[in-house]
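# Topology and contacts: notes
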Amino acid sequence: MRSSYVPVAAFFLLLTVHCGSETAETASPIDPSTADAAAPDDASDPGTPGNLGPRDDAGPDAQGPDGGPLPVGTGAFLAGTSTLLGDPTAGDWQLADLNGDGKRDVAAKLGSFVTAFGTGDGNFQKTAAYLQGTGPFDLTAAADFDGDGKDDLVGCFGNNGLRVFRGSATAPGGVAPEGDFATFAFGSADYLVSCATADFDGDGKPDVAIGGQNGTVRIGRNTGTSLTATGTLTALGNPYRLVAFDVDGQKGKDLLALDRNSATLRVLLNDGTGAFTATAPVALPASSFDLVPFRESSATSIAVLAGAGTLSVIPLAANGTLGAPVAIGAGTSFGSVAAADIDADGTIELAAAHLGGGVIDVLAHAGNAWTVRQSIRANWLPTRVKLVDVNGDARPDLAWLNGGSPVTFDVLPNTGAGTFVAPETIALDARPFAGGAFADVNGDGRKDVLVAVDSIPNQSYVDVHLGRAGGGFTKSDRVTISDRAYGFSFSDLTGDGKLDVVVRTSYSRILVLTGDGAGHFTAGAGFYGPPDAFGHALGDIDGVAGDELLVSAPGGVRAFSRQPGAFFGEPAKTVTETGWPMLRALTDVDGDGKLDVVVSGLFAGGLAVGRGLGGGSFATPASLGPSLTVGAVVPMKMGALPRRWLVVGADGLHDLAETAAGTTDKVAAGPGGSFVVRADWSGDGIEDLVIGGATIALYRGKADGSFEWSGQSLLGGGLAQAVGLFDATGDGKADIAVVNHYGGVTVLAAR
């Protein structure tokens, strides 16, 4: 029996903990000294940035940067995968073996065609190639048109017609230049609105059907070297959607033509030679915009999306007439739908993505009664849902594009039991989170989680959820604040041995939440910091007892000292004077016993270091070089030269070696992000990295102390606000926990 698990070195089981009644723990990306990380921007801020120390060793007994042992994983997890594709708006996507290596690749239409090569186990690695066509277009199909064993891509280009892009073992991205196999040119009156691909004439070669907005459907037969127009059907309204499907089960693939303008359907019946006869139009639900045909028990039905996302299933007879529609998911709006027999029992199931984002429902039926078998907290904005075999185990997996920014290609493997590997959700709150952090706020040794609940008019909250001994979380407190909270920093500001929290809000207000050590907090009056602040940190920069508050804002970083009768306040001392410096770390870079400030956003990019001069003063920041986009920073070895820094960039992990001769950069190509967790997730005794952002990327530590991307990029729920690695399930194993913007904590459980 074949396993339904993706066979790679590390997998995680997705468990989503919704913020509202259960919880997890906190840390900061500015403070890579903690085992868990939070973003260096508005998502989350540093915890205790002053205790960053040298870290050159990575043995099995090595300590973590906070003085405790490195969190150790099992190296074996169960998870969905997520591949970062790019930033533009998501279009359609296709699975295809573009380079002929026998592994499924993915091609997606963003601002251009983007491809990612499959590794054969459900993981993908994005290529550097972008294939741009002329005019508006979409990616509609993939098939081996020229018979060379490599799949080709079909692109529809409006009044510029259709193009077939040839798959290639040598061309960048696995795709040769546009139109080298076939180009169908259309005049402006024939503006192309839809395409479908199938072997219509039974010769074993894929052909195409092309719908024009003037009501025509043309058939292009494949000769093996080109596409030849062989027939035109007219008076078909506006065939906005063409689908190739064997409606009558007799003479090969027929065509379904959806006229979106009139919400009607025509069936174009194939006589087996590629000649078609159109049935009379039949009415669909008002404003129908998509349909998915399926066949079970020798009968055809269509799943139809209409209006504001209503979903219905309608029987479709061979003569093109429709039966009575069956409404599904009353009160829920859907944006895309797919159909397949996911458990091999002869009955079709549907997967439908909610129009509002965040959720995919798996629907099963007995007769006309459709029920939700599994409701999956998928990602930020799942769209273009499909049920296809991604990992080669002969079972349909659940795959989609996350239509947010950036766009990701997400896959949940089929368990073989009619469900998919997916998050288990414990409700925490129904509204999105503006920020989050993991920390042990009650001193019981377990991670807790703080989340900033997205604001409703004139009211926002910070919710505190305490980690339970058996796994999961219990809500302990809700603190009402004046406006949306973003950053969290942790320190004992009252000297009572209990953690307090500094919160930055959307109106640049700085609030201190004093903790009682039991998971409850009280909000003080606070004060207004510099306008448009976008980051903050705590650290003792003047050598006097107690931490100061540093705030990043347009025009520089400013430091606020403790004030009599208050925690912090004016006047502020300027630390850096120019630009938009993002505070990345507070650490003793040169080993002189004084905290230095590490920022990005100055000069031409990259890092800059302002040396601490004592008394809370800093030298003008000097560029560390080289120029690069900075997502997160980990000071690895500080003190005397040589020094070592890890910088997460847009193109992967940069390992910077700072010497008297300058700074060199060694890049481990892979996914980037805004969060770094240092841990031995692989369980081999060597320090690894977990990098969180749009995806959760696993970087493996090597014996020489360097890192490389493992090839695994996991689905963590989308728009991470904080990432941690700890036992979140109560089984003694280190899991990955992610605070997500859409309102949950997703746990990737170790196996």
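## Considerations on the overall build of the protein
Of the regular secondary structure elements, the protein holds zero helices and 61 strands. Looking at the protein as a whole, 59% of its 751 residues are labelled buried. Put simply, 47% of the contacts in the protein that link residues at least 6 apart link residues at least 24 apart. Accessible area for the protein stands at about 25,700 Å²; split by element, carbon and sulfur atoms hold 52% of it.

## A look at the packing of aromatic side chains
The geometry of an aromatic ring pair comes down to the distance between the two centres and the angle between the two planes. All told, the structure shown has seven aromatic pairs when counted by the stated rule. When the ring of F113 is compared with that of F165, the centres are 5.1 Å apart and the planes differ by 80 degrees; the resulting orientation is edge-to-face. With F113 in strand β6 (residues 113-118) and F165 in strand β10 (residues 162-165), this residue pair connects regions lying 52 residues apart in the sequence. Judged by its relative accessible area of 1%, F165 falls in the buried class.

## What to know about the sheet that holds strand β44 (residues 566-574)
Pairing in this open sheet of four strands is antiparallel, and the strands run β41-β42-β43-β44 from one edge to the other. Both outer strands of the open sheet, β41 (535-539) and β44, are each paired with one neighbouring strand and no more. Each strand of the sheet is rotated relative to its neighbour by a mean of 30 degrees, with strand direction disregarded. Where β41 meets strand β42 (residues 548-553), five bridges bridge the pair, whose relative direction is antiparallel. The residue bridging L538 from the neighbouring strand is L549, located in β42.

## Overview of the pattern of salt bridges
In total, this model carries 16 salt bridges according to the counting rule given. Of the charged contacts, one joins R384 and D92 as a salt bridge, the two residues approaching to 3.7 Å between their closest N and O atoms. Of this pair, R384 sits in strand β29 (residues 382-388) while D92 sits in the loop between β3 (81-86) and β4 (93-96), and the two are 292 residues apart along the sequence. For R384, a relative accessible area of 31% corresponds to the partly exposed category. Assessed through its relative accessible area of 14%, D92 is described here as buried. Across the salt bridge formed by D290 and R241, the nearest N and O atoms sit 2.5 Å from each other. Of the two residues, D290 is situated in strand β21 (residues 288-296) and R241 in strand β16 (residues 239-245); the sequence distance between them amounts to 49 residues. Among the ionic contacts, a cluster of salt bridges with common partners joins D92, R384 and K386.

Reading the values: the criteria
Residues numbered from 1 in each chain as written. Predicted model: local features only at pLDDT ≥ 70, side-chain atom pairs only at ≥ 80, totals over all residues. Heavy atoms only, no water. Helix = DSSP H or I, 4+ residues; strand = E, 2+ residues; numbered from the N terminus. Buried < 20%, exposed > 50% of the residue type's maximum accessible area, 1.4 Å probe, protein only. Contact = heavy atoms within 4.5 Å. Areas by Shrake-Rupley, 256 points an atom, 1.4 Å probe, with all protein chains shown as cover. Phe/Tyr/Trp six-rings, centres within 6.5 Å; stacked < 30°, edge-to-face > 60°. Pairing = 2+ DSSP bridges. Axes fitted to C-alpha atoms, helices over the stretch in contact; angles between N-to-C directions. Salt bridge = Lys/Arg side-chain N within 4 Å of Asp/Glu carboxyl O.

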